[in-house]
Structures are given as structure tokens and as C-alpha cells.
Amino acid sequence: MKITDVPVVQRFIRFCEDGWNQGWHERNGGNLTYRLTQAETDALRPFFDRVPRPWTDMGVQGTNLAGAYFLATGSGKYFRNVPLDAADCLCVVEIDSTGSRYRVVWGLVNGGRPTSEFPSHFMNHSVRARATQGECRVIYHAHPANITALTFVLPLTDRDFSRALWKSETECPVVFPGGVGVVEWMVPGGAEIALATSKKMEEYDAVVWAHHGLFASGPDFDTTFGLMHTIEKAAQIYVLALGCGQGIRQTIPDDGLRAIAREFGVTIREAFLD
Ligand code: 2HA
Ligand code: ZN
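If you're wondering where the values come from, they're calculated on a predicted model, not measured in any experiment.

What counts, and where the lines are drawn
Residues numbered from 1 in each chain as written. Chains lettered and ligands numbered in written order. Predicted model: local features only at pLDDT ≥ 70, side-chain atom pairs only at ≥ 80, totals over all residues. Heavy atoms only, no water. Core = buried A, V, L, I, M, F, W, Y, C linked by side-chain atoms within 4.5 Å. Buried < 20%, exposed > 50% of the residue type's maximum accessible area, 1.4 Å probe, protein only. Helix = DSSP H or I, 4+ residues; strand = E, 2+ residues; numbered from the N terminus. Contact = heavy atoms within 4.5 Å. Near = heavy atom within 4 Å. Polar contact = N/O pair within 3.5 Å; in protein donor to acceptor, adjacent residues only side chain to side chain. Nonpolar A, V, L, I, M, F, W, Y, C, P; charged D, E, K, R; others polar. Salt bridge = Lys/Arg side-chain N within 4 Å of Asp/Glu carboxyl O.

Participant: For this particular structure, what's the right way to read the nonpolar core?
Facilitator: Looking at soluble globular proteins, one finds that nonpolar side chains tend to be buried together. Counting 57 residues, the largest nonpolar core has Leu-44, Val-92, Tyr-140, Leu-165 and Ile-231 as the members making the most contacts within it. The element best represented in this core is helix 9 (residues 221-243), accounting for 8 residues. Not counting the four nearest positions on each side in its chain, Val-92 is found in contact with Leu-36, Leu-44, Phe-48, Tyr-69, Phe-70, Leu-71, Arg-103, Val-104, Val-105 and Trp-106. Listed in part, the 17 residues of the second largest apolar core include Cys-91, Val-93, Val-104 and Met-123.

Dropping the structure here:
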């Protein structure tokens, strides 16, 4: 048995392959982390290094995730290469008992570190785990072109983005009835963008990074990938419609959004409706 035979690792690899196939991961763009369950950690433990690598301070703290284990993509690694060489591209990291440091216990066999966005991922895991009573396990960052394009033309507010996306595709209010958050442009990789994003993640399960990409979260791989996919598809439709050059002549009315929410039994964020 190889580590790549373990189902959770297979699903993680397939996720990376799907993201690459969507065109969301040019070069080393994007990153993925998954908080392992106790049973999954136990299944992976036989593959862990006999001597773990040194602890690294994250610059952020999440005491509710002290002692957690994550499967993560590596910094500088290409999603495209994950199916070819998971042990080179991925790692398992352990969080220390204070929730402020990590160490690699498996993977990155040719050296390297977990994703440069690990502080952001970790803070978002901490916030989303609290907001969802421990249900949230996946944090996914990608560079889809259309949602990023919209950050050049729409006002950078949660309300403007949520409304534009909800009204671009009838499924949207069902898939993300809470809307999406937006953070202004910031230098990636550090504690500042991690804190700004995790603040939004207290309310939203997806956050747009202006002129950069999108963060999505969810309880499992399918839901999280589906959220990224739905948001990007809606953005694509909006961009296509704008590209026709006539402006937006008609769209789903606000009462239509309310009616969808009623029909599908979800609570739409009423504050964003007229
Ligand atoms: O290259 O996407 O945000 C990885 C990233 C940084
Ligand atoms: Zn990025």
C-alpha cells in the first residue's frame, strides 16, 4: 500500500487535477489545504517521517486547531504536477499544541515548505471551523480569470459582488445564499491578508481577492470545488454579457432571488437585496 492509495489522498490529488484542467492554476498559482479527520490521520500515520521536520512559526494563531493535521500543497509547486508526483508536491503538516506553529511530517520529498498562503489557509480553517461547528475542512485558493476580471470593473464591496453573481445565474442564490466577501488588493502570503480574509470568512464561505483570485471553503472536496466553480461560472456569464457591449438590459429581479431562496429553503442575505 502506498500513501497515494489512501482515499483522502486520492481525492485531494483529483481535486488538484480538476483545478488544473479548469485553467485556474497557471504555473504555481493557487493552493489547497484539507483538515484531516482523526481516522484519516491514523490511516496516514504509517507513512509519516520517523523524524519530523522543525517547527515553523505561522505569524497567526488558531487555538481551536491546536494538534490538527492538514494535507497541503507545497509552496512553488504546480497543480499540474500533483498527479504525477504527489510526494514531491504535497505534504502533511501537524499543528503544535499552541495553534501557532506547524511542522511537516510527510511529503515534499525534494525539499520545500507548505504553500506560501498557509497562514491564510490556517486562519480561515480556524474561523470556518468555529463558524460551522467543526464541519468546514477544505480551504481552496485559485486564480479563475473571470471573477478576477470583475475586480477591475465592479465596486470592491461584498454587496456589489454578491448581487452581480446571484443575478448572473439562477443557481447562485442556492449555492451561496450568504453571498461572497471581497478584500481589497494586498500583498499575498503574509499575516495581513490572512487576517483580512479570515475576518470575511466569519460571515462568508467564499472571499474574492481583488486582482488576484478567490478563496473558497467547505465541508468536503465536492462542495468546495463546486462553490469555486459556480462563482467562476457566474462571473464568466456576467463578463460575457458585458462583452456584448449593450450593458445589462435585464436580470433576475430581487424578488426573484427571494423566491428562489424560498423555493429551495435557503436563507438569502436580505441586507444585500433591494
Ligand atoms: O502561487 O496563488 O497566492 C501561489 C499563490 C499565492
Ligand atoms: Zn494566489
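Participant: Help me understand the site of ligand 1 in this model?
Facilitator: Taken together, Asn-28, Gly-29, Gly-30, Asn-31, Glu-117, His-141, His-143 and His-212 make up all the residues around ligand 1. A distance of 3.3 Å separates an oxygen atom of ligand 1 from a polar atom in the side chain of His-141. Residue composition of the shell around ligand 1, by class: no nonpolar, 7 polar and 1 charged.

Participant: Before we go on, may I ask you to explain the pattern of salt bridges in this structure?
Facilitator: Pairing is possible between side chains that carry opposite charge, provided their charged atoms lie close to one another. A full pass over the atoms with the stated rule returns 15 salt bridges. In this structure, Lys-77 engages Asp-88 in a salt bridge whose closest nitrogen and oxygen atoms are separated by 3.2 Å. Residue Lys-77 is located in the loop between strand 3 (69-73) and helix 3 (86-89), and its partner Asp-88 is located in helix 3; the two are separated by 11 residues in the primary sequence. Across the pair, Asp-88 and Lys-77 agree in class, each one buried. Salt bridges sharing partners connect three or more residues here, namely Arg-159, Arg-163, Lys-167, Asp-254 and Asp-274.

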